[in-house]
Amino acid sequence: MKNSILIRPYRPADSDATIEIFLRAIREVSSKDYSPEQIDAWAQVEDAAKWAERRISRPGWIAEIDGKSVGFSDLTPDGCLDMMFVHPAFQGLGVAGRLLTRVEEEAEALGIDRIYTHASLTAQPFFERKGFRILTRQTVERRGQRFDNFVMEKFYSGRS
Ligand SMILES: CC(C)(COP(=O)(O)OP(=O)(O)OC[C@H]1O[C@@H](n2cnc3c(N)ncnc32)[C@H](O)[C@@H]1OP(=O)(O)O)[C@@H](O)C(=O)NCCC(=O)NCCS
């Protein structure tokens, strides 16, 4: 399966597909770790234009399987991996791992020696498996709901 995953740069036309993956991943996967009230507050994209703007404001990547978009990720210039979402029907196939490898290649090309992320309770084991360490557990507020997540980081030594 890993070989049939294609990672390619994000394009503006991918915006709707990323919204669908985002909403479904939260509703169908993260719902095991957060309450229904939290999921309702998190799984919202109120302004699709703003979402699209945000996606093109930093390097991003789409994972495809058989021509279907099944995951996406990104990296801001300061080393923040903001998004890592995989379609519920394509979990556990190595999609996020392949996306992270691409993010790490980009970080290397940009001379970024630390990647950090605010990992959901759902994603924390994935990032830990990939060498990220927990800096802190924190509670954030979103649309009136409080969410626990982890600030996690990974250092890449030997880069300029
Ligand atoms: C977290 C998430 C992105 C992982 O995506 P995925 O494509 O299923 O992950 P992969 O198949 O690439 O897993 C890669 C490795 O992490 C491990 N892993 C992934 N999820 C894990 C979990 N919940 N517990 C333990 N290990 C896990 C896998 O076993 C695999 O290990 P390996 O490299 O030894 O084979 C996905 O579950 C998701 O979309 N979650 C919901 C949305 C979310 O919370 N996103 C993060 C927002 S901060």
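Remember, it's a predicted structure, so these values are computed and weren't measured experimentally.

It is worth spelling out the sheet that holds strand β7 (residues 145-155) at this point. Spatial ordering of the open sheet is given by β5-β7-β6, a layout of three strands whose pairing is antiparallel. Looking along the sheet, the strands with just one partner apiece sit at the ends: β5 (114-120) and β6 (133-142). If you compare each strand with its neighbour and ignore which way they point, the axes differ by 25 degrees on average. Two elements, β5 and β7, share seven bridges in a ladder whose sense is antiparallel.

Before going further, it helps to examine unusual backbone geometry. Despite not being glycine, Asp66 has its phi angle at roughly 50 degrees, a positive value. Positionally, Asp66 belongs in the loop between β2 (60-65) and β3 (68-74). Even without being glycine, Arg143 reaches a positive phi, approximately 45 degrees. Among the structural elements, Arg143 can be located in the loop between β6 and β7.

This part is about the site of the ligand. Of all residues adjacent to the ligand, which total 22 residues, the nearest are Gln91, Gly92, Gly97, Ser120 and Arg129. A distance of 2.7 Å is found between an oxygen atom of the ligand and a backbone nitrogen or oxygen belonging to Gly92. A distance of 3.4 Å is found between an oxygen atom of the ligand and a backbone nitrogen or oxygen belonging to Leu93. In isolation the ligand has 930 Å² of accessible area, and contact with the protein removes 76% of it. Looking at the shell around the ligand, the elements with two or more residues in it are β4 (84-86), α4 (95-110), β5 and α5 (124-129).

The rules behind these values
Residues numbered from 1 in each chain as written. Predicted model: local features only at pLDDT ≥ 70, side-chain atom pairs only at ≥ 80, totals over all residues. Heavy atoms only, no water. Pairing = 2+ DSSP bridges. Helix = DSSP H or I, 4+ residues; strand = E, 2+ residues; numbered from the N terminus. Axes fitted to C-alpha atoms, helices over the stretch in contact; angles between N-to-C directions. Near = heavy atom within 4 Å. Polar contact = N/O pair within 3.5 Å; in protein donor to acceptor, adjacent residues only side chain to side chain. Areas by Shrake-Rupley, 256 points an atom, 1.4 Å probe, with all protein chains shown as cover.

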